[in-house]
Amino acid sequence: MKVAFVTICPGADRSGGMGRVAHELAAATARLHHVLLICPGDKLKVETVGKRLTVVRVPSRGRGQLLWPDLRDPTRRRLHSLVSRFSPQVVHAHDVGPLSLWLQDWAGHAGCPFVLTFHALPSRAREFTNAEEYRHLRFLFKMRVPQAFVRLVLSRCDGVVALNQAVEDDVRRFGYRGLVFRIPNGRNLSPLLRLDLADITEPCKQLLFVGSICQRKNQRYLVEAMSHLDMPARLVLVGEILEQGYARELRRYALEQGMDNVDFVGPVPYETIPQFLRRAHLFLSASTLELQSLAVIEALASGTPVVALENATVTELVDDAVGRKLPSDAPPAEFAQAVAEICRMNPTQYSALARAARDRVRDLDWSAVVEKHTAAYERLWGGFQVRRRRPFWTPWLVAGSVARYWFQGTGTRRKGRKSGSWRAQGV
């Protein structure tokens, strides 16, 4: 088959799990099919990666997770030519950004099925954003602009990929009645499944969290739980600082409490994560909201038991057979007690948890996940009735207004209004 992927994330190391899954899925799919991946870049560039993967980078500007592509006439014509020449049988988007909207219009005009993966619950999109970086856009959520925007995009989707039941239920609440494919995130599990297990008899236990430092990930709770732990242990926090103010609050709290058993490692190359997992006796998570955490999947695949507060990921993957699942409102002292319970297990009990953890996610390897996506694409293409749709400009109006407000508010917009650099094309 020929599949075109589109994402707002310029690389696998940007925008958290969404960026990593979008780029890795394209690469994994290219082992079997011809793939065109469209994503932001510094300039318009076409890269050939291997025999079946072509990456098209569209010049974009912005900051953080909000990138606005330059879709003026010259770029748009070139992009249209590249996509039309590739002639995909399915277009698969990973977000509702400007590039995805453009591909949705292209697919509608060409009579090509368009499928969308949600990496965040549409009804709770604000909670998945950087609370500090996007605080001046909160008025849009109060006006329910994002909800109306999602409904418009969904009305023009031929299929939706739901990572789990929580996503499917949320999409249905938006009134979507089309095809929904339940397909989880995938990971390259082989290196993780081969890792040696941590030695549970070591006197000082190493507790690990991997993920962005932000309010949604709730690392403050983990630090508080450490103060209730009545055994030698160190908490290692690995991940980029997404919210600077929250990171300062964490460090200040640890300092004020005189805690010297919390290590703030910061961002590390993704390839080094298995080294941290190999040394960790437990993986901890107190995230208030997760859809399908890659970090939890990787921890389980490495044979590291997980102790976590309940959310969509934990409900799906974690129980007493692979760790401990606590209610979302459990106090830190109760969380610390669950951690201590596992840390005091004998090697036989701990090994049983580790084996069960690996078995829990063994079918989430990319090879199996690509097969499920392929089946979805074939169903869309095989049973798809050509429905040529006229371009639908309302999403462009909304996206254009947000982008103009953003660039004006942060000073990253080009000077002068005559150039029209950030004008929503087609409006």
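Structural notes, computed from the coordinates. (Residues numbered from 1 in each chain as written. Predicted model: local features only at pLDDT ≥ 70, side-chain atom pairs only at ≥ 80, totals over all residues. Heavy atoms only, no water.)

Positive phi, close to 55°, is recorded for S87, a residue that is not glycine. Its location among the elements puts S87 in the loop between α2 (73–86) and β6 (90–93). (Helix = DSSP H or I, 4+ residues; strand = E, 2+ residues; numbered from the N terminus.)

Here we take up the side chain of R187. Examined against the element boundaries, R187 turns out to sit in the loop between β9 (179–182) and α7 (190–193). Separated by 2.5 Å, the side chains of R187 and Y270 make a polar contact. With residues up to four places along the chain from it excluded, the contact list for R187 reads R20, E24, Y270, L294, I297, E298, L364, D365 and W366. (Polar contact = N/O pair within 3.5 Å; in protein donor to acceptor, adjacent residues only side chain to side chain. Contact = heavy atoms within 4.5 Å.)

In the structure shown here, the tally under the stated rule is 19 salt bridges. The shortest N-O distance in the salt bridge between R220 and E249 comes to 3.0 Å. Of the two residues, R220 sits in helix α8 (residues 219–226) while E249 sits in helix α9 (residues 244–256), which places them 29 residues apart along the sequence. Note on E249: relative accessible area 30%, which makes it partly exposed. Here D263 ties to R234 by a salt bridge, and the two come within 2.7 Å at their closest N and O atoms. A residue pair is termed long-range when its members are at least 10 positions apart, and D263 in strand β12 (residues 262–266) and R234 in strand β11 (residues 233–238) qualify at 29 residues. Each of R20, E24, R187 and E298 takes part in salt bridges that share partners, so that together they form one network. (Salt bridge = Lys/Arg side-chain N within 4 Å of Asp/Glu carboxyl O. Buried < 20%, exposed > 50% of the residue type's maximum accessible area, 1.4 Å probe, protein only.)

In short, shape yes, function no, at least from these values alone.
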